[in-house]
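These are the residues of each chain, in order.
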Amino acid sequence: MLRKKRIISTQPAHHNTRLLFTLPIILTILGLFFIFEASSVTAFRQIGDSFYYLRQQLLWAGIGIVAMTAMALFDYKRLYYLAFPSLLVTMIFLVLVLIPGIGSTVYGARRWINLGFFGFQPTELAKLSITMYLSSWFLYKERKRFKSFLILLLSVVGLIMMQPDLGTTIIITTLFIAIYFLSGENITYLVMLLPVGLVGVGILIATSPYRVARFLSFLDRKSVV
């Protein structure tokens, strides 16, 4: 009986690499276009320069593209050793931002840490560090425990909701669920928790007038935000 010989291509996946590199750039360009459309009139009225906000975003877009290129040349497997330290630093910053005098309050929310020459949101760091940590965590079978996963999820989103920041909480939760699903874990637990999560989000929206206004605006564009 003849056996079919399995042929494994040794050629690098250039197509996927090009897609991963070009897609963020295309989305960035589209984002810059929408930013200009949304801010040009306001920038002209307030500053007298329609391109003010566009130039700011162009600067950060350039920095982002340079960082993306540098990371593309970096061996991603080495990020494994940075996974836990980065998560630990993120958790520390998420606590520090809640302390008066360290975290800056803007429109009733404490989300920024101002270092004088530079300000940043710890939640943005959380998106990267959580991706790194969970990706490394799910490499090992013995670490695949839903209880530990849930504790970490609740700890992170709990700190974020203390700022408060419902939008980022939803993004972080979606990130957790996506990585858990892609790891090949049993999603039965997630399905069981879905109604609880939806009820929780509904309560958070209903107990805050500005969230209700935003939700109604999302459902009906004629609603007042």
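Now for a description of the structure that goes with this document. (Residues numbered from 1 in each chain as written. Predicted model: local features only at pLDDT ≥ 70, side-chain atom pairs only at ≥ 80, totals over all residues. Heavy atoms only, no water.)

## Quick notes on the nonpolar core
Residues Ile-130, Leu-134, Phe-149, Val-156, Ile-172 and Phe-176 are the most contacted members of the largest nonpolar core, which totals 23 residues. Listed by contribution, the elements that provide at least two residues to this core are helix H3 (80–96), helix H4 (122–137), helix H5 (146–161) and helix H6 (166–182). By residue number, the principal contributor to this core is H5, which donates eight residues. Dropping the residues within four chain positions of it, Phe-176 is found in contact with Ile-130, Leu-134, Phe-149, Leu-152, Leu-153 and Val-156. (Core = buried A, V, L, I, M, F, W, Y, C linked by side-chain atoms within 4.5 Å. Buried < 20%, exposed > 50% of the residue type's maximum accessible area, 1.4 Å probe, protein only. Helix = DSSP H or I, 4+ residues; strand = E, 2+ residues; numbered from the N terminus. Contact = heavy atoms within 4.5 Å.)

## Topic: the pattern of salt bridges
One pass over the full model with this rule turns up two salt bridges. Across the pair Asp-49 and Arg-55 runs a salt bridge, and its minimum N-O distance is 2.1 Å. Note that Glu-124 and Lys-127 form a salt bridge whose closest N and O atoms lie 3.2 Å from each other. With a gap of three residues between them, Glu-124 and Lys-127 both fall in helix H4, about one helical turn apart. For Glu-124, a relative accessible area of 41% corresponds to the partly exposed category. (Salt bridge = Lys/Arg side-chain N within 4 Å of Asp/Glu carboxyl O.)

## Some points on the packing of H4 against H6
When two helices pack together, you describe them by how their axes are tilted relative to each other and by the distance separating the axes. Their axes nearest at 10 Å, the elements H4 and H6 cross at an angle of 10°. As the angle between them shows, H4 and H6 are arranged roughly parallel. Taking contact as the criterion, the partners of Thr-123, Ala-126, Lys-127, Ile-130, Thr-131, Leu-134 and Ser-135 in H4 are, on H6, Thr-168, Ile-171, Ile-172, Leu-175, Phe-176 and Ile-179. Tallied by class, residues from the contact of H4 with H6 come to eight nonpolar, four polar and one charged. (Axes fitted to C-alpha atoms, helices over the stretch in contact; angles between N-to-C directions. Parallel < 35°, antiparallel > 145°, perpendicular 65-115°, else oblique. Nonpolar A, V, L, I, M, F, W, Y, C, P; charged D, E, K, R; others polar.)

Remember that the coordinates give geometry; whether it matters functionally is a separate question.
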